[in-house]
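Listed here are the chains, written in short residue letters.
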Amino acid sequence: MTYVIVEACIGVKDRACVDVCPVDCIYEGEDQLYIHPDECIDCGACEPECPVTAIFPEEDVPPAQVAFVEKNKEVFNSETPPGRPQR
Ligand code: SF4
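**Q** What's the story with the site of the ligand in this structure? I'm lost.
**A** Looking at the ligand, there are 14 residues lining it, with C21, C40, C43, G44 and C46 nearest. Across the shell around the ligand, the residue classes break down as 12 nonpolar, 1 polar and 1 charged.

**Q** Help me understand the packing of aromatic side chains, please; the structure alone is not making it clear to me.
**A** Centre-to-centre distance and the angle between the planes together describe a pair of aromatic rings. Summed over the entire model, instances satisfying the criterion amount to 2 aromatic pairs. Here the aromatic rings of Y27 and F76 are separated by 5.5 Å at their centres, their planes lie at 80 degrees, and the arrangement is edge-to-face. Linking Y27 in strand 2 (residues 26-28) with F76 in the segment after helix 2 (67-74), this pair joins segments that are 49 residues apart in sequence. By the burial criterion, Y27 is buried, and F76 matches it. Judged by centre distance (6.5 Å) and plane angle (80 degrees), the ring pair of Y34 and F76 falls under edge-to-face. Taken together, the positions of Y34 in strand 3 (residues 33-35) and F76 in the segment after helix 2 put the pair 42 residues apart, joining distant regions of the chain. Considered together, Y34 and F76 belong to a single accessibility category, that of buried residues. An aromatic cluster of at least three residues, connected via ring pairs, comprises Y27, Y34 and F76.

Definitions and limits used
Residues numbered from 1 in each chain as written. Predicted model: local features only at pLDDT ≥ 70, side-chain atom pairs only at ≥ 80, totals over all residues. Heavy atoms only, no water. Near = heavy atom within 4 Å. Nonpolar A, V, L, I, M, F, W, Y, C, P; charged D, E, K, R; others polar. Phe/Tyr/Trp six-rings, centres within 6.5 Å; stacked < 30°, edge-to-face > 60°. Helix = DSSP H or I, 4+ residues; strand = E, 2+ residues; numbered from the N terminus. Buried < 20%, exposed > 50% of the residue type's maximum accessible area, 1.4 Å probe, protein only.

Have a look at this one:
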């Protein structure tokens, strides 16, 4: 299990989640932020910090957003993986 960032983050990238993640596993892509599925320790600290409710535990992702579970994994295998969040 891991936490996942879904569609609501696109174009927002508030980054409040980044400040509370104890293991710095939230990365920034072109359109949204992503949680690295192998680095997340499932602490849940980021979830309440998101102002647009874009973060869910993997098993609680709304049905219409389940594609984002795979997107959060695959993006790290792409040629341009997400990097450290920019301020
Ligand atoms: Fe980071 Fe915890 Fe959120 Fe995982 S659940 S992304 S470890 S703050």
